[in-house]
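This is what each chain is made of:
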Amino acid sequence: MPAEPQADLRPLGRGPSIRVLPRLDDTNRFFWTAGAEGELRFQRCGDCRRYVHPPAPRCPYCLDGGLTPEAVSGRGSLHSFTVNHQQWIPGSDRYVVGLVTIEEQDDVRLMTNVVDCDEEALAVGMPVEVVFEQVEDVWLPLFRPAAG
Amino acid sequence: MTELLERRAVVSGIGQSAIGRRLGRSALDLTVEAALRAIADAGLTRDDIDGLATYPGGGMGGEPFAGPSTPDVHDALRLRLNWHDGGGEGPAQIRPVIAATLAVAAGLARHVLVYRTVTESTAQGSGGRLGIGAVAGSGSDRGMPRFGGSFQWMLPYGAASAANWLALVAQRRVHEFGLRRDQLGWIALNGRANAALNPAAVYRDPLTMDDYLAARTITTPLCLYDCDAPCDGATAVVVSHVDYAPDAPSPACHVNAVGTALRGRPSWDQFDDMTTMGARDAAASMWARTDLKPADVDTAQLYDGFSIITMVWLEELGFCAKGESGPFVEGGARIARDGPLPLNTSGGQLSAGRLHGFGLLHEACLQLRGQAGDRQLARQPEVAVVANGGGPIAGAMLLTRGTG
Ligand SMILES: [Zn+2]
């Protein structure tokens, strides 16, 4: 296998230099502010008990149950990842965009940043756990390698 | 098989504007140029055109990405329309071509002008664009736009471009199938080799595997040459009722089957199988509508907005088994002009320029007609497949020379 492009020796960032934020409203506020209490929350169906993401007006699985935000463990596994080099947002160091599947349900995923992880240690399937980064009135769920 | 409505439609005319980097011309100007060429190529005048369609048209992503709206083109050509349709939701960029086939089959129109125009190169020169389709948000304490809808789940994390979203597909394929960068590189090298024979291509200098592997990383495992080249240009086609085929000056390209399905979730991050996404469903629905088989296809014009998308289409269209596109393209012989499946013979979007699906359709028609000039395939194709889109966005079309 021929050589990879010249190694970039700067440390990985925790995300882009500027966080473009979600616009909070009555449908998504529970998700983006749950980190204030250190929790990751998803809507959950009162009937079929499945978690629903993104937020929906009624359960899209059974079309019957009412949905209520509920905390999950915050643990998951890394379904895929990419180390972004391109300066879509000027001033950004390289950062990891991850796709995390939550432990509770294999069809609920979050795009996120993987933090506190060396590039060489990144691996599809690795266990991760949530940490939050507050920006203004938003608590962004990020994920780091799971302890233990 | 019962008669399919799309078999009542042909592509009777094709045309392109000037294509290049930073042409500095308006999207409408380029569109009118392409449209007049396509109409003349079909042996028609603007008085014959009674249908108009585009992707995505006004209201999606701004003009450098979207091109002019159908009302703008309607008025610029003073058309008198029986049917018109513009929009960005549907089976990928080829959506309005599929809609036009159904419109002529249903008798809503007889000759539909369909166009796709981009001026992303000129826009890039004056400040560029943030990812695809990024739209203005509102409500910010820092003067920064905020986002609702699907962008809210991606933009906070700097997943600002389809390059990031498709890199997740690529990395998942590295994990599941052992995909290697040098295999991905053959899509780029094949495109560049073909572009050398296409005078309208934006990048024609030779590209080697060493160049590819040394290129700067955009987002792992994708490098610069895995990403298509923004350009300015318009492509137009005329979709006519099949009754018109004998009167068309050039051989008509018959629509054999269209692929429109999207059975998985319409999402970049929640789709059930992140190694494939929408191509799986669009391809399956296309093959369900025809007796032709993958082995009957003489040339494939497969979307290459990013090289990884082409790999996915090769598998989902059945040219190789699932997960086997890496070995399939390795060495380049199978996809070369003199190979069993000539791929992206104009250079594709990676080298000929990001004409957003319509360049591939244009090339399929040229090859079927035998009008591709220096790059005409020695064995003139009878069956061509065109596939557009990546991620959860996918549409496909099977075209034949003659009624197949
Ligand atoms: Zn339910």
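Before any of the text, the structure's been laid out above.
A brief structural summary. (Residues numbered from 1 in each chain as written. Chains lettered and ligands numbered in written order. Predicted model: local features only at pLDDT ≥ 70, side-chain atom pairs only at ≥ 80, totals over all residues. Heavy atoms only, no water.)

1. A word on the nonpolar core
All names here are of chain B. With 136 residues, the main nonpolar core has Trp313, Leu314, Leu317 and Leu399 as its most contacted residues. Sorting elements by how many residues they give to this core places helix α6 (residues 162-177) first, with eight residues. Contact partners of leucine 317, with chain neighbours within four places excluded, come to Ala283, Met286, Trp287, Pro294, Leu302, Val385 and Ala387. Counting 21 residues, the second largest nonpolar core, distinct from the first, contains Val32, Val73, Tyr244 and Ala248. (Core = buried A, V, L, I, M, F, W, Y, C linked by side-chain atoms within 4.5 Å. Buried < 20%, exposed > 50% of the residue type's maximum accessible area, 1.4 Å probe, protein only. Helix = DSSP H or I, 4+ residues; strand = E, 2+ residues; numbered from the N terminus. Contact = heavy atoms within 4.5 Å.)

2. Considering the sheet that holds strand β2 (residues 51-54) of chain B
Residue and element names in this part refer to chain B. Ordered in space as β3-β2-β4-β7-β1-β8-β11-β10-β9, the nine strands form an open sheet in which the pairing is mixed. Since the sheet does not close on itself, it has two edges, and those belong to β3 (83-86) and β9 (299-302), each with one partner. Geometrically, the sheet is characterised by an average inter-axis angle of 25° between neighbouring strands, direction not taken into account. As judged from the seven bridges shared by strand β1 (residues 9-16) and strand β7 (residues 232-241), these two strands associate in the antiparallel manner. Paired with glycine 13 across the two strands is valine 238, which belongs to β7. Lying on the sheet, helix α9 (residues 278-287) is in contact with β8 (253-259), β10 (383-388) and β11 (395-401); it crosses β8 at an angle near 125°. Here helix α13 (residues 358-369) sits on the sheet in contact with β1, β4 (111-119), β7, β8, β9, β10 and β11, set at roughly 110° to β1. (Pairing = 2+ DSSP bridges. Axes fitted to C-alpha atoms, helices over the stretch in contact; angles between N-to-C directions.)

3. Some thoughts on the interface of chain B and chain A
The interface is formed by 45 residues belonging to chain B together with 46 residues belonging to chain A. Taken together, the two surfaces of chain B and chain A that pack against each other cover about 4100 Å², and 55% of this comes from carbon and sulfur. There are two salt bridges connecting chain B and chain A. Residue arginine 146 of chain B is joined to glutamate 136 of chain A by a salt bridge in which the shortest nitrogen-to-oxygen separation is 2.8 Å. Secondary-structure elements contributing two or more residues to the side of chain B that touches chain A are α6, α7 (181-195), α8 (209-214) and β5 (217-219) of chain B. Considering every element that reaches the side of chain B that touches chain A, the biggest residue donor is α6 of chain B, with eight residues. (Buried area = accessible area lost by both parts, 1.4 Å probe. Salt bridge = Lys/Arg side-chain N within 4 Å of Asp/Glu carboxyl O.)

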